[in-house]
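# A closer look at the structure
So you can see what is in the structure, the chains are spelled out below.
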Amino acid sequence: MDIWNFLEYGAWALSVVFGAFLLIDLIRVDTTYDNDLLTSSREGEIEATQERHTI
Amino acid sequence: MAYEPKKQGLAAQIFDVVTLLVLTVGALYVPLYMGLAGAAKTPNPIENPTWEALGQNAAEQRQWEALGITDPASVNDMITARFDYSFSWAALIIMIVSVVGYFVLVVRLSDREYREVLDERFGSKRKGG
Amino acid sequence: MANITTDAAKPERLQLLRVLGPAHVWALGVGIVLVGEYMGWNFAVGKGGMIAGLVACWVAGLLYTCVAMIDSEVTSTVAAAGGQYAQAKHIVGPLMAFNVGLFLVMAYTMLEAANAITVGFLLDTVAGMTGHSGLHQQPFIVLAIMFLAWLNYRGVLATLTFNLVIVAVAFTAICVLFFAIQFGASDVPLDFSAVTEEPLPYGWLGIVAALHFGLWYYLGIEGTCQAAEEVRSPARSLPYGTMAGIMTLLIAATLTWYMCSGLIPWEYLGQAGTPLFDAARVTGSVWLMVLLFIGTIFATLASANGCINDASRAWFSMGRDRYLPSWFGAVHPVYRTPYRSIVFLVPIALIFALGAPLDQVVTFSILSGLLGYTFMTFNMVMFRRKWPLDTIKRGYVHPFHPLPTIILLILCSTAFFAVFLGYGTQLIAMMCFYIVASLWFHFRRYQYVRRGDQFTMPWPRPQGY
């Protein structure tokens with residue numbers, strides 16, 4: 001066991017932490033909010049409000 | 001009048017994503033498994049390799065040394081390896097046909113779909129603009 | 001209509017957060033690409049020799065200057081996440097858009113995998129130098145992808161500010177190495193004798209073949225478009241950030257060729273894993289080695305980071321239009337990122353990073369990019385034809401049309417031939433993939449898509465339709 005072995009285990013541990021955060025937060029958000037709200041984003045809203053592209 | 005798309009259930013959505021994934025992974029791994037992938041360099045090692053015989057001048061010898069390589073024999077293969085760029089015209093024609101054919105196919109089908117989109121967005125009208 | 005404000009729409013609508021400035025656009029574009037200077041471009045030298053490496057560097061630079069000009073014009077007019085995908089949808093049609101979306105996701109996810117593989121490889125090299133052989137690379141590959149996915153999930157401003165810092169460090173490292181060598185910090189002098197002694201080991205064909213990896217110097221600069229929906233002022237920031245990006249890269253690419261070709265024998269350079277780091281090793285200076293090690297790590301992380309950002313935006317946009325299940329078109333209520341797409345693409349990147357060899361992944365990425373550039377040529381012609389300059393206002397109008405388009409088309413054809421030399425099977429396998437995927441979309445998937453809703457820009461009806 002040298003420092004590189006510890007780094008390997010450390011990397012696995014941190015990967016699990018980040019992965020767990022992603023999954024837990026995803027599940028939490030999906031169960032808290034209404035899916036219609038979450039998928040309410042629409043393309044082209046910038047154009048519709050600010051950048052009209054009219055000459 | 002507007003086209004009302006079908007509703008898609010959860011199982012069908014998952015099925016669609018899996019289809020796409022299988023296609024992707026297949027395109028990457030099938031050539032690998034069939035052993036068709038990759039361009040290989042072929043080494044042509046020479047007899048009694050010295051730096052001079054391998055065409056390395058004094059400055060280049062110092063560079064090899066700085067890279068940690070002092071024995072010319074150990075890089076005999078690396079220095080003499082060359083790619084083989086011979087190719088068959090048939091393969092070239094297959095490539096050209098598949099690339100051009102692909103773009104023609106996509107643009108033509110797109111155009112058909114595009115007209116439907118415009119008709120729904122701007123109202124149906126036959127010609128002009 | 002002009003009275004509608006985003007604030008009024010806020011309570012019931014979730015949007016991506018619009019917080020980025022031109023510097024972030026630059027960091028996104030250069031960040032994805034700069035890793036190409038630290039690894040990969042040198043295979044061009046292997047494929048054609050030193051001169052071919054330089055010619056490929058500049059010819060590819062010309063190709064990408066055309067790409068940047070064309071992209072800046074279209075994207076400053078179509079400010080939508082998904083970039084070229086949204087362009088294709090408005091200009092060519094839905095099936096083309098689906099294909100372009102796939103090009104983007106493939107090119108960036110593969111590039112992300114290649115970066116993670118490089119992080120593992122570099123750490124293995126360093127562990128070897130400290131006397132530890134047989135490092136397990138997998139945990140570091142997984143960690144790099146997980147960490148960057150987490151960063152992306154948490155918000156775009158932090159993600160790209162992080163990118164700005166590490167890209168600046170990586171770019172500075174290249175410049176420092178150049179000046180250090182010029183002022184004699186290197187033990188070994190620069191030597192370009194191979195240029196005269198062995199100018200073209202493969203003849204002129206070598207120059208064409210080298211173009212394949214010459215693309216690697218700049219691949220991904222077009223990714224700036226993906227940020228369009230998150231930029232405060234897209235019509236101004238996108239052309240500005242993209243053009244500044246391509247200039248930065250032209251400088252970095254030329255410096256890199258000069259230093260590496262001068263310090264490393266071309267036979268070694270043509271197969272090296274980390275050429276700039278090797279150049280620093282040749283100088284014999286420990287400081288330069290440490291600096292270039294940091295530069296290499298930062299460049300790979302910045303690239304993977306930008307790739308996650310871009311691939312998830314493209315996937316998200318396709319979900320929003322129901323080209324893919326609409327589940328993916330979700331925005332996080334707090335962080336305002338396309339969080340489901342980000343999470344979904346993590347395991348995909350892992351499959352490629354842990355399972356496939358580097359040159360396969362790189363070639364797949366290059367080919368997807370190349371198909372995208374080919375699309376840009378006729379996209380540009382159709383854009384000018386359907387909406388001439390006096391019909392809609394563009395944020396930026398590129399000069400000399402149609403010259404850049406013609407040059408781009410010629411160079412793309414040459415690059416296809418270059419890839420064909422040596423990697424013909426992959427090219428054909430990939431064309432089969434895209435053809436099957438296109439048929440699948442046209443005959444199955446498209447029935448779930450709302451027709452009129454796809455056209456979201458406030459433009460008049462195109463001419464000729």
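### Topic: the pattern of salt bridges
All names here are of chain C.
- For the structure shown, the criterion picks out 17 salt bridges over all chains.
- Glu73 is the partner of Arg394 in a salt bridge, and the nearest nitrogen-oxygen pair spans 2.9 Å. Taken together, the residues span a long stretch of sequence, with Arg394 in the loop between helix H16 (358-386) and helix H17 (403-443) and Glu73 in helix H4 (residues 50-75) at a distance of 321 residues. Each member of the pair, Arg394 as well as Glu73, is classed as buried.

### Notes on the interface of chain C and chain B
- Counting from both sides, the interface comprises 104 residues of chain C and, opposite them, 74 residues of chain B.
- Connecting chain C to chain B are six salt bridges.
- Note that Asp16(B) is salt-bridged to Arg444(C), the shortest N-O span being 2.8 Å.
- Inspection of the region where chain C meets chain B yields 26 residue pairs in polar contact (both at pLDDT 80 or more).
- If you tally residues by element for the side of chain C that touches chain B, the top one is H17(C), at 22 residues.
- Its residues assigned to classes, the side of chain C that touches chain B comprises 65 nonpolar, 22 polar and 17 charged.

### Details of unusual backbone geometry
- Cis geometry is found at the peptide bond from His401(C) to Pro402(C), where omega equals 5°.
- Turning to its location among the elements, Pro402(C) is positioned in the loop between H16 and H17.
- The backbone phi angle of Asn48(B) is positive, close to 45°, even though this residue is not glycine.
- Among the structural elements, Asn48(B) can be located in the loop between helix H1 (10-33) and helix H2 (58-66).
- Taking relative accessible area as the criterion, Asn48(B) reaches 65% and is therefore assigned exposed.
- Not every positive phi belongs to a glycine, and Phe400(C) is a case in point at roughly 65°.

### Here we look at the confidence of the model for chain C
All names here are of chain C.
- Confidence in the prediction for chain C averages 90 pLDDT; 98% of positions are at 70 or higher.
- Within chain C, no element has a lower average pLDDT than helix H1 (residues 6-9), which sits at 43, and none a higher one than helix H7 (residues 138-153), at 96.
- Counting contacts from residues 1-10, a segment whose pLDDT is below 50, to residues more than four positions away or on other chains yields nine contacts.

Rules and cut-offs
Residues numbered from 1 in each chain as written. Chains lettered and ligands numbered in written order. Predicted model: local features only at pLDDT ≥ 70, side-chain atom pairs only at ≥ 80, totals over all residues. Heavy atoms only, no water. Salt bridge = Lys/Arg side-chain N within 4 Å of Asp/Glu carboxyl O. Helix = DSSP H or I, 4+ residues; strand = E, 2+ residues; numbered from the N terminus. Buried < 20%, exposed > 50% of the residue type's maximum accessible area, 1.4 Å probe, protein only. Contact = heavy atoms within 4.5 Å. Polar contact = N/O pair within 3.5 Å; in protein donor to acceptor, adjacent residues only side chain to side chain. Nonpolar A, V, L, I, M, F, W, Y, C, P; charged D, E, K, R; others polar. pLDDT = per-residue confidence, 0-100.

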